[in-house]
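# Structural features, examined
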Amino acid sequence: MTTTSRNGVRIGVMYDRDWAPEGLPGFAREVEALGADDLWVVEDLGWNGGVSAAAVALGATERLRVGIGITPAPLRSPALLAMELATLARVFPGRLVAGVGHGVQEWMTAVGLAPRSPLALLEETITSVRALLRGERVELEGREVRLDGIRLVHPPAEVPPVVAGVVRPRSLELSGRVADGTVIAEGHGPAEVTAARELVAKGGAGAEHTMTVLAFTCVDEDPARAAEALRPHTEGQAAWLGRPADEVFTVSGRPEDAVGHVRELAAAGADTVVLRVAGAEPVRQLGSLLETLRR
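What you see as residue numbers is a count from 1 along each chain, following the sequence as written. Note on the predicted model: pLDDT of at least 70 is required for a residue's local features to be given, and 80 or more for side-chain atom pairs to be given and counted; whole-chain, interface and lining totals, by contrast, use all residues. As a rule here, side-chain values come from all non-hydrogen atoms in the structure, and water together with hydrogens is ignored.

What follows concerns the pattern of salt bridges. A pair is scored as a salt bridge if a Lys or Arg side-chain nitrogen falls within 4 Å of a carboxyl oxygen belonging to Asp or Glu. In the structure shown here, the tally under the stated rule is 22 salt bridges. Residues Asp180 and Arg130 are paired through a salt bridge, measuring 2.7 Å at the closest nitrogen-oxygen approach. You can see Asp180 sitting in the loop between helix H7 (169-178) and strand S8 (181-184) and its partner Arg130 sitting in helix H6 (residues 118-133), a full 50 residues away along the chain. Exposed residues in this analysis have more than 50% of their type's maximum accessible area, buried residues have under 20%, and partly exposed residues fall in between, with area computed by a 1.4 Å probe over protein chains only. Note on Asp180: relative accessible area 23%, which makes it partly exposed. Here a helix means four or more residues in a row that DSSP labels H or I, a strand means two or more in a row labelled E, and each is numbered from the N terminus.

Now the structure itself:
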């Protein structure tokens, strides 16, 4: 029995970028056995490759949906990205979600790939990748992307959703206009999820547009110990978000408290909550939250 079937919100877990890649297959099998709905992998510069990590996780499991959160658009040609995604989607139909985003601009500059217009690049990448996955022949002479009559020989029979990992208002509107869903970064609480829903709707998103929310998580019967385990993460995210650390939203505390935070995000419009677990025994923490949620 998956979590979604009982609670109306998908529960995913992130394979943290700091965890060694050789641990991914075993972790994926463990969280699938617990009944999690999703496993999300990361593609950050210098860490693991998102597409290869997704392939590893998919190959190690039978049911789990795997999300790539997120592929930076500047790092990959839309043609190559569509080819990679189509391969996974054909071998593992219905089990892939492809996240694409701007990427951290400092990182893109560091590898000489900073676009002139991040918004144009993201829009043109998502639009062309989705068209290629549908089996269409793509002609595009855009501001950032050029495709001259490209078509996939083996498009997937079941097209995977392409979602945008974005934060700022204009990017959220763009996501509503061109993507199948939106991924919201760690630290954003219910009010911000509601605001993001409004912005993607302004961009043209319909009811089928999904909202995936990432959340720092630590489940512990001692809330103070959970807060301490999360402190390096919340402080770092606070600096990135430009807010005090105590305003970084987390799914944490005793199991019933953590479940309450999940339900707050769901009530605000999250279709999927992806837990980025900190502290000891992440699989045990996930199991405790899932068991409490099922009750």
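Let's shift gears to the side chain of Asp38. In this fold, Asp38 is placed in strand S2 (residues 38-41). A relative accessible area of 0% places Asp38 in the buried class. At 3.1 Å, the side chain of Asp38 and the side chain of Trp40 are in polar contact. N or O atoms within 3.5 Å of each other form a polar contact, as long as, within protein, one can give a hydrogen and the other can take it, and as long as residues adjacent in sequence are counted only when both atoms are side-chain atoms. A polar atom in the side chain of Asp38 sits 2.7 Å from the side chain of Arg65. Contact criterion: two residues are considered in contact whenever any of their non-hydrogen atoms come within 4.5 Å of each other. Those residues in contact with Asp38 that lie beyond four places of it in its chain are Arg10, Ile11, Gly12, Val13, Leu64, Arg65 and Thr272.

Before going further, it helps to examine the nonpolar core. Of all hydrophobic cores here, the largest spans 73 residues; its most connected members are Leu39 and Val251. By residue number, the principal contributor to this core is H6, which donates seven residues. With residues near it in sequence (within four places) discarded, Leu39 still touches Val13, Met14, Tyr15, Leu24, Phe27, Ala28, Ala57, Leu64, Arg65, Val66 and Gly67. Residues enter a nonpolar core if they are buried and are Ala, Val, Leu, Ile, Met, Phe, Trp, Tyr or Cys, with the set joined through side-chain atoms within 4.5 Å. Core analysis: the second largest hydrophobic core is formed by eight residues, Val42, Val163, Val183 and Val274 among them.

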